[in-house]
Each structure stands twice: as C-alpha cells, then as structure tokens.
Amino acid sequence: MLPRRRYGRVLDVGCGTGFFLLNLWQAGFVGEAHACDISPGMVAVCAKSARAIGCDAKLRVADAENLPYEDESFDLVTAHAVLHHLPDPRVAFAEMFRVLRPGGALLVAGEPSTLGDRMARATGRWTAAAMKAAAGFVPGLRHPAPSGEGTDDADADQRTLRDLEWHVDLHTFRPEEFAAQAEGAGFGKVRVETEELVSSLVGWAVRTVEAEAPRGFLGARWAAFAYRTYLLLYELDVRLSRFLPPQLFYNVLLYGERPPS
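Treat the numbers as computed from the prediction; the structure is a model and nothing was measured.

(A) How the structure looks around the overall build of the protein. Along the backbone of the protein there are eight helices and seven strands. The globule rule puts the C-alpha radius of gyration for 261 residues at 18 Å, and the 20 Å found for the protein is close to it. Buried positions account for 44% of the 261 residues belonging to the protein. Look at the contacts in the protein between residues 6 or more apart in sequence, and 79% of them connect residues 24 or more apart. Of the roughly 13,400 Å² of accessible surface on the protein, a fraction of 58% belongs to carbon and sulfur atoms. Counting 28 positive and 33 negative side-chain charges, the protein places the averaged centre of each group 5 Å from the other.

The structure is reproduced here in structure tokens:
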C-alpha cells in the first residue's frame, strides 16, 4: 500500500514498542525517524529497540490528539493499531494532516473492522470456554493454586492483560467510514484495504490459548506451529480477498496524501 521509496522525515504516532517504525526503517523507507506515544514506558522500550538496531530515532511522550510538532514538518506519518484506542480519531486525523508537508503521505494500519472485531471477540470467548472445559480433563492445563508470588502470579497477570485488551478498544471501523474520516480531515488519494480473515480468527484463538494455558505448557513446538499456520492462512486470505467483501476482514489499512499546495 505504501509507495516504495525513501521518505525524509517520518513520524510514527502511538509508536508503542516501535516495531512498526523500526521495521520500516530497516526496510529503507525512513530517512529521519521520529516517534511519539502517550506512555513514557512505551517510549522507553522504543528507544531501547531503536538503539539495538542502530536507529537514531527521536522520541517524545505525546498525545496523538495534540501532537507537539510544527505544521508541515514530516514527509510521512504512520500509525499502527492506535486510532481505535483514542477518544476521537477524527482529531488525530486532523493532527496528522497538520504536521504533514504538502504532498506528504499517511499510512494507518492495524485498525479493527466492525464485523471482524465481532468475529474475533466471539472466537476469543469460545476458545476460552473450550480451554476451561479441557482443563477438567487435562491436568497440565490446570493453573496452580495461588501462592502470592511466582509463576502463577505471572499467569494471572497475563490473563488480566488479555481481558483488559477488549476494554481499551474504543472504536471499530467500517472501511468506507474510515476513509470518510480521513477525507474529512483533508486527505486526498485515500485508499482503504482490509486483510486477515481466517488468519485473524485462528490468530485470536491462538492468543486465547496462550493466555489461558499455564506458563511453559505449550513450548517451542507450539510457537513454531502457530507461526507457520498464520503464514499459510494469511496466504489463503489474500486469495479470499479477491471475491469476499472487505468488511469481513479484520485489519483495516488506510493510505492518503496531503494535497500539494
């Protein structure tokens, strides 16, 4: 979706651990890397990851709806799995438009579609119920009794984070409405695509299994199986996308440009 070229100054909004920006940097898309996140902890993790690969990223703690950057100061703005967490994504679109230079590009990815999110939630619920039922027959699936510290506490934390994930998702997006939000902020040449259907459903089932299973139960073979399965199913989804409605797929991606002056 992103034209294959090197962009001068690039800003990643809501960078998290930095994997999206740093992968683009390693692939040669990014000249000068900038990133921000509302969480100081995430900014610190991003900084550590950037240093590990030799990327001199310039990082700031900032709100996506109030970016502390000058007007028309970036050639590319990216945001991965961010807008659905924000109170008002339209404000974030306006801010990203403001900091882009005329002719600059916007790439948004990892946003949940409305129907895809519903199917993912249902998959998670069904998988969690199946895991709880299986624990009655498979002793290894039973979590150890709480002891106040140690491995079982780590398992409990993991399950808590899994449960919270659904509650911090404030929005889902219909592809056509998502495009309209970007166009409303002033973006032109807006293009929206979706990806992941079967791979998404299986992926959410895998994540739920990993969250429900006791630490160390699944092992390295499970990780290799899950990874290879995702890759195969993603290829299937690419074929399915040729004739299935885009609303069925989980991830929404958007490309747009700030019109030249």
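(B) How the structure looks around the nonpolar core. In terms of nonpolar packing, the biggest core is built from 28 residues, with L11, V13, V77, L83, F93, M96 and L106 touching the most fellow members. Among the elements of the structure, β1 (7–13), β4 (74–80), α3 (89–99), β5 (100–112), α6 (175–184) and β7 (251–257) are those that each provide at least two residues to this core. In terms of residue count, the dominant contributor to this core is α3 (five residues). Sequence-distant contacts of L106, that is, excluding residues within four places in its chain, are made with L76, V77, F93, M96, L100, F187, L254, Y255 and G256.

(C) Just the pattern of salt bridges, in detail. If you walk through the whole model with that rule in mind, you get eleven salt bridges. Close ionic contact of K132 with E212 constitutes a salt bridge, the shortest N to O distance being 3.6 Å. Of this pair, K132 sits in helix α4 (residues 114–135) while E212 sits in helix α7 (residues 198–212), and the two are 80 residues apart along the sequence. Put simply, K189 and E257 hold a salt bridge, and the shortest N to O gap is 3.7 Å. Here K189, found in strand β6 (residues 188–195), pairs with E257, found in strand β7; they are 68 residues apart in sequence, far enough to count as distant. Judged by relative accessible area, K189 falls into the exposed class, the value being 64%. Each of the salt bridges in this network shares a partner with another, and the network as a whole consists of D71, E95 and R98.

(D) Local environment of the environment of K48. Among the structural elements, K48 can be located in helix α2 (residues 40–53). According to the relative accessible area criterion, K48 is exposed, its value standing at 60%. Note: C-alpha distance between K48 and R9 (39 residues apart in sequence) is 20 Å.

(E) A look at the sheet that holds strand β3 (residues 58–61). Taken in spatial order, the seven strands make up an open sheet running β3-β2-β1-β4-β5-β7-β6, and their pairing is mixed. The sheet terminates laterally at β3 and β6, the two strands that pair on one side only. For this sheet, the mean inter-axis angle between neighbouring strands, taken without regard to orientation, is 15°. As paired elements, β6 and β7 share six bridges and run antiparallel to each other. What sits directly across from G188, in β7, is E257. Relative to the sheet, α2 contacts β2 (30–37) and β3, its axis offset from that of β3 by approximately 170°.

(F) Focus on a nonpolar patch on the surface. Taken together, the side chains of F137, V138 and F217 present a nonpolar region at the surface, about 320 Å² in accessible area. Tracing the backbone through its elements, the reader meets F217 in the loop between α7 and α8 (219–240). In this structure F217 comes out as partly exposed when scored by relative accessible area, which is 37%.

(G) A look at the packing of α3 against α6. At a closest axis distance of 8 Å, the pairing of α3 and α6 adopts a crossing angle of 45°. Here α3 is positioned oblique relative to α6, judged by the angle of their axes. The interaxial crossing formed by α3 with α6 has right-handed handedness. Between α3 and α6, the residues in contact are P89, R90 and F93 and F178, Q181 and A182, respectively. In terms of residue class, the contact of α3 with α6 is made up of four nonpolar, one polar and one charged.

Criteria and thresholds
Numbers given to residues run from 1 along each chain, matching the order in which its sequence is written. Reporting in this predicted model follows two pLDDT cut-offs: at least 70 for local features of residues, and 80 or more for side-chain atom pairs to be given and counted; totals over whole chains, interfaces and linings ignore these cut-offs and use all residues. Processing note: side-chain calculations cover all non-hydrogen atoms of the structure and skip hydrogens and water entirely. Under the DSSP-based scheme used, a helix requires at least four consecutive residues in state H or I and a strand at least two consecutive residues in state E, with every element numbered from the N terminus. Atoms counted for the radius of gyration: C-alpha only. Globule rule: 2.2 Å times the number of residues to the power 0.38. Think of it in three bands: residues with accessible area under 20% of the maximum for their type are buried, residues over 50% are exposed, and the middle band is partly exposed, with areas taken using a 1.4 Å probe on protein chains only. Whether two residues are in contact is decided by their heavy atoms, any of which lying within 4.5 Å being enough. To measure how exposed things are, a 1.4 Å probe is used in the Shrake-Rupley method; for residues, cover is taken only from the protein chains shown. Only four residue types enter the tally: Lys and Arg on the positive side, Asp and Glu on the negative side; His and the chain ends are excluded. Here the site of a charge means atom NZ of a Lys, CZ of an Arg, CG of an Asp or CD of a Glu. Working definition of a nonpolar core: buried Ala, Val, Leu, Ile, Met, Phe, Trp, Tyr and Cys residues. They are joined through side-chain atoms within 4.5 Å. What counts as a salt bridge is simple: a side-chain nitrogen of Lys or Arg found within 4 Å of a carboxyl oxygen of Asp or Glu. By this definition, two strands are paired if DSSP reports at least two bridges between them. With axes taken as lines fitted to C-alpha atoms, and helix axes fitted only over the stretch in contact, angles between N-to-C directions fall between 0 and 180 degrees. Like charges within 9 Å and nonpolar side chains (Val, Leu, Ile, Met, Phe, Trp, Tyr) within 5 Å are joined into patches, using only residues over 30% in relative accessible area that form no salt bridge. Every angle not falling under 35 degrees, over 145, or within 65 to 115 is termed oblique; those three ranges are roughly parallel, roughly antiparallel and roughly perpendicular. Crossings are assigned a handedness: left-handed for a near helix turned anticlockwise from the far helix by less than a right angle, right-handed for a clockwise turn. Residue polarity is assigned by list, with Asp, Glu, Lys and Arg as charged and Ala, Val, Leu, Ile, Met, Phe, Trp, Tyr, Cys and Pro as nonpolar; anything else, Gly included, falls into the polar class.

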